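Fold and contact review
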2 protein chains.
Amino acid sequence: MATIYDVAKAAGVSPKTVSRVLNDDAPVGRDTRKAVQDAMSRLGYVPSNAARVMRSNKSGLIGLITGAISNTPDHGDPRGLPELYIVQGVQDVFGREAKTLMISDTGGHSDRVPSLVSTFRQHRVEGLIYVADYHRQTRFEVRPGDPPVVLANCYDTVGTPSILPDDRICQHRLVARLIAAGHRRIGYLTLGASMDATRLRTEGYRDAHAEAGLPLDPAMIQEAYRDDHAPMTAALGRLLALPEPPTVICCGNDEMAMRLYGLLRTRGIEVPQRISIAGFDNYRAIAETLFPPLTTVELPYREMGRQAARRLLDIIAGTAPAATDPVRVPGPVVWRSSVTGVAGAAGT
Amino acid sequence: MATIYDVAKAAGVSPKTVSRVLNDDAPVGRDTRKAVQDAMSRLGYVPSNAARVMRSNKSGLIGLITGAISNTPDHGDPRGLPELYIVQGVQDVFGREAKTLMISDTGGHSDRVPSLVSTFRQHRVEGLIYVADYHRQTRFEVRPGDPPVVLANCYDTVGTPSILPDDRICQHRLVARLIAAGHRRIGYLTLGASMDATRLRTEGYRDAHAEAGLPLDPAMIQEAYRDDHAPMTAALGRLLALPEPPTVICCGNDEMAMRLYGLLRTRGIEVPQRISIAGFDNYRAIAETLFPPLTTVELPYREMGRQAARRLLDIIAGTAPAATDPVRVPGPVVWRSSVTGVAGAAGT
DNA sequence: GCGTGTAGTGACATCGGTGTCATGACATCG
DNA sequence: CGATGTCATGACACCGATGTCACTACACGC
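Described below are features of the structure shown in this document. (Residues numbered from 1 in each chain as written. Chains lettered and ligands numbered in written order. Predicted model: local features only at pLDDT ≥ 70, side-chain atom pairs only at ≥ 80, totals over all residues. Heavy atoms only, no water.)

Moving on, we come to the protein's contact with DNA strand D. DNA strand D sits among 25 residues. The nearest are Ile-4 of chain A together with Thr-17, Arg-20, Gly-29 and Thr-32 of chain B. A distance of 2.9 Å separates a base oxygen of DNA strand D from a polar side-chain atom of Arg-55 of chain A. Measuring from a phosphate oxygen of DNA strand D, one finds a side-chain N or O atom of Thr-32 of chain B at 2.3 Å. Of all elements in the fold, only helix 1 (4-11), helix 2 (15-23) and helix 4 (49-56) of chain A together with helix 2 (15-23) and helix 4 (49-56) of chain B reach the threshold of two or more residues within the surface near DNA strand D. A per-element tally of the surface near DNA strand D places helix 4 of chain A first, with four residues. For the surface near DNA strand D, the residue count by class is 10 nonpolar, eight polar and seven charged. (Near = heavy atom within 4 Å. Polar contact = N/O pair within 3.5 Å; in protein donor to acceptor, adjacent residues only side chain to side chain. Helix = DSSP H or I, 4+ residues; strand = E, 2+ residues; numbered from the N terminus. Nonpolar A, V, L, I, M, F, W, Y, C, P; charged D, E, K, R; others polar.)

The following block contains the structure:
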């Protein structure tokens, strides 16, 4: 492998001049430059990043830790997709920058993370992005001397910069649209109560009611997330048994909505004629395939990835603080025909 | 960032001794070792890969080029999945090795490949794996001085080591199973005729017939792959109009099989009672969801990734030649209820 | 004509590890 | 007891870039 010395000798100049041509550092004579460039291409010269890093301490590397690849969706299972989208967004930004993105996959073992970080440190990455599989708290240990970190889809308690989906606004927007369509009794089958997403979305649900001056009926909100079907069947039963049952039911995700279609069909309840349904995630393999297609909300994963990348670049450049409140990125409601207006409604 | 000199000073030894502790190079006294290790953890020392690479010219890096991330499946579209599985397989192997995998995504622009290779060369990767999105020929230019390359899911004409799915054997196995189940008239709706997969699988289809001593009816093989539905409808029409129509129809992939379900249902033909169907790919989101579930073949993408990785390691270690015929990896038939036996058959 | 500035170039040290070789202290063997 | 070998360690050069400084021309302004 040719070195800068070989090029220098071949071009009849000093190594430093070759370096100047490489980096456009300082003025170089027209003829000299040409001679150097010729020599470089003749020898197939590629500068050694290692040597460059040693001197300048700038590796040009950004590390990214994710489970995106090992969590590949299978069975039409949407887990793993958010991470992939976030990684796409990150790539989007770094593809245009003079930084190289090193992607490392945890292989689903979060205990492997410290070893990945250590490898990244050996390579002297200038920054690190950690992508989580779902919106949650994390404890990403940063020791002094570690490169700056940006968290995507997760957050910690020590103020590490973090980019999160705005679950609250998303649910708020969705419910507001339902209210605008005339719905007044809005059921909500939530994900597990311990999840951050559930807490935030429930707040969004409340916000929308408060904004519209609608009373809040706690019986409308039912936890219904389990692997078996029982909790959902029970929760649906409770909703339908209410004196004033819901005219629309929101679900914690699109899979739950899909199951709800089945449950309602079993009971002979037509969607959306008798009950409207809304999902969450806009997992298109489900939302577009169901009949009727599913109204849902999309979380802005690609955009989160982009923002995480830009944030990290700003921190590295020193134009942004290395710690702040999380940034929350909202996403759009995707309106499809699983929701109809309600007779006598103001809107629709 | 602490250096080996800082550690040496803190431990009261020479830098070289610290290096020996790091690499377990040469015997080091018990007490000395402990003193060095203490100093390292006290200072949070992480060795610089750059410096190591300079001296030893071993970067410990393996480059991987793929479109896996940017080709993320969406709409339940299975494109992009093969690449992800291959990358998973590659990771599987390198996760256990003292090599770091650098994944670079093309972002769907194959013209960006040379620039990725150049970046990898700057980082002095010890080897390169190129993963293609579908089985095809490629022209991955290797210049002298480039690191060794292994191709996955593609091949070239200059003998670059290559790991391919064994489309021929796969189709052979599938058709042999169909014959064993009593089928004698086996329709085949192929992918585009120009694809390598189609050529190879058609050979496999022929092999199975020859092996069983069955005559080959060219009318049974129909190209039917387009984005619009017309060619498939026409091809199906031709098959059904034959004096002896097929008792089972093989499809070029699972999506085609899914469409075939629809076409047959429209004509009132029951699957599998009147016609059996077989797909290809075992794209489970489709194959397991259809009713009846689809008999299909699975291409061994993860295994291909593993073999590509091991192959590259062998080449780097010098225990394998850097050029040979492609390795073809077979995959299993996945038998589900879309195929029934035929009355009076020997088997089933 | 002399100081000042700038284009163009090279010598040399340096970044942080590791390979090579040398050295001293003991242990082992014939 | 001297030759030989092994353990444990250090001195020093070197990998391939780049930062610093110095130097030579030549142009420009006064």
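For the rest of this paragraph, the subject is the protein's contact with DNA strand C. Near DNA strand C there are 24 residues, and of these Thr-17, Arg-20 and Thr-32 of chain A together with Ile-4 and Arg-55 of chain B occur at the shortest range. At the protein interface, 51% of the atoms of DNA strand C within 4 Å belong to sugar or phosphate. The side chain of Arg-55 of chain A places a nitrogen or oxygen atom 2.8 Å from a base oxygen of DNA strand C. With respect to DNA strand C, the side chain of Tyr-45 of chain B contributes an N or O atom lying 2.9 Å from a sugar or linking oxygen. Put simply, the parts of the chain that give the surface near DNA strand C at least two residues each are helix 2 and helix 4 of chain A together with helix 1 (4-11), helix 2 and helix 4 of chain B. For the surface near DNA strand C, the element with the most residues is helix 4 of chain B, which contributes four residues.

So, about the pairing of strand 8 (residues 248-251) of chain B. Residue and element names in this part refer to chain B. Every second residue of strand 8 is oriented toward a common face, with Val-248 and Cys-250 on one face and Ile-249 and Cys-251 on the other, all of them buried. Relative to strand 8, strand 6 (residues 186-190) runs parallel, the two being bridged by four bridges. Bridged to Tyr-188 within strand 8 is Cys-250. For strand 8 and strand 9 (residues 276-278), the ladder comprises three bridges, and the chain directions are parallel. When the bridges of strand 9 are listed, Ile-249 appears paired with Ile-277. Following the backbone out of strand 8, through helix 10 (residues 254-266) and into the adjacent parallel strand 9, one traces a crossover that is right-handed. (Buried < 20%, exposed > 50% of the residue type's maximum accessible area, 1.4 Å probe, protein only. Pairing = 2+ DSSP bridges. Right-handed = clockwise from strand over helix to strand, strands pointing away.)

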